[in-house]
Amino acid sequence: MAMLWCAILLTAASLRVSTGATVDLQDIRLANGNATAGRVEVLIDRMWGTVCDDSWADEDAGVVCRSLGLTGGVALSKAAYGKGQGPIHMDDVHCTGDENSLGKCWTNIGSDNCLHSEDAAVICQTA
Ligand SMILES: *[C@@H]1O[C@H](CO)[C@@H](O)[C@H](O)[C@H]1NC(C)=O
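Note that this is a predicted model, so its numbers are computed, not measured.

Participant: Help me understand unusual backbone geometry in this model?
Facilitator: Negative phi is the rule for most residues except glycine; trans is the rule for most peptide bonds. One non-glycine residue with positive phi stands out, namely K78, at about 50°. Even without a glycine there, the phi angle at A79 is positive, about 50°. When you line up the elements, A79 lands in the loop between strand 4 (71-76) and strand 5 (88-94). On the basis of neighbour count, A79 is assigned to the partly exposed category, with 19 C-beta atoms found within 10 Å.

So, in structure tokens, the structure goes:
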């Protein structure tokens, strides 16, 4: 049991170390769904791209929803709303849940270990 906790703590610590920075996110949209649910797409450096589902959680989804003027926030992974195209802009996103934009969350910028089959999506509720 002690070994297990140690492994969990070490994993958490390494995830935290690998999370890079906040990012200058110019816009955000939901794709391939409807007004309240879809694949998360972010505009960075004037290019639309996607978010990898590694560490993608309801706290992160909630920030996406709030930034779109919506409520709720259920995180979906494995390209639940289809595979996007272009750059995978963010990976290992760690929102506390209080941020007003996904760009304010700690994240890896870009990804070297994700495919579009891991694109993150959300389901929000209307406000
Ligand atoms: C959008 O999709 C979600 C998830 O499937 C669904 O719960 C919701 O009712 C849909 N909204 C509209 C307006 O169709």
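Having put the structure on the table, let's press on.
Participant: What should I look at first to understand the confidence of the model for the protein in this one?
Facilitator: Looking at the protein, pLDDT values average 89 and 84% of them are 70 or higher. The model gives residues 4-19 a pLDDT under 50, and that stretch makes 9 contacts with residues more than four places away or in other chains.

Participant: Explanation requested: the site of the ligand in the structure shown.
Facilitator: The immediate surroundings of the ligand are formed by G33, N34, A35, T36, A37 and I123. Across the shell around the ligand, the residue classes tally to 3 nonpolar, 3 polar and no charged.

Participant: In this structure, what is going on with the nonpolar core? I would like to understand it.
Facilitator: Side chains that are nonpolar tend, in soluble globular proteins, to be buried together. V40, V51, V64, V93, A120 and V122 are the most contacted members of the largest nonpolar core, which totals 28 residues. When contributions to this core are tallied by element, the ones reaching two or more residues are strand 2 (37-44), helix 2 (58-67), strand 4, strand 5 and strand 7 (121-125). With near-sequence residues (within four places) excluded, V51 lies in contact with V40, V42, W56, H89, M90, V93, D119 and A120.

Participant: What should I look at first to understand the pairing of strand 2 in this one?
Facilitator: Here is the key point about a regular strand: its side chains alternate between the two faces of the sheet. Where burial is concerned, most of strand 2 is hidden: 6 out of the 8 residues are buried. Pairing between strand 1 (residues 27-34) and strand 2: 6 bridges, direction antiparallel. Counterpart to L30 in the pairing with strand 2 is V40. Between strand 1 and strand 2, which follow one another and run antiparallel, lie 2 residues. As defined by bridge partners, strand 2 adjoins strand 7 across 3 bridges and the pair is classed as antiparallel. In the strand pairing of strand 7, G38 is matched with V122. Pairing analysis gives 4 bridges linking strand 2 to strand 3 (residues 47-51), with the strands arranged antiparallel. Along strand 3, the bridge assignment pairs E41 with T50. The turn linking strand 2 back onto strand 3 is made up of 2 residues, and D45 within it adopts a positive phi angle of 50°.

Calculation notes
- Residues numbered from 1 in each chain as written.
- Predicted model: local features only at pLDDT ≥ 70, side-chain atom pairs only at ≥ 80, totals over all residues.
- Helix = DSSP H or I, 4+ residues; strand = E, 2+ residues; numbered from the N terminus.
- Buried ≥ 20, exposed ≤ 12 C-beta atoms within 10 Å, placed from the backbone.
- pLDDT = per-residue confidence, 0-100.
- Contact = placed C-beta atoms within 7 Å.
- Near = placed C-beta within 6 Å.
- Nonpolar A, V, L, I, M, F, W, Y, C, P; charged D, E, K, R; others polar.
- Core = buried A, V, L, I, M, F, W, Y, C linked by C-beta atoms within 7 Å.
- Pairing = 2+ DSSP bridges.

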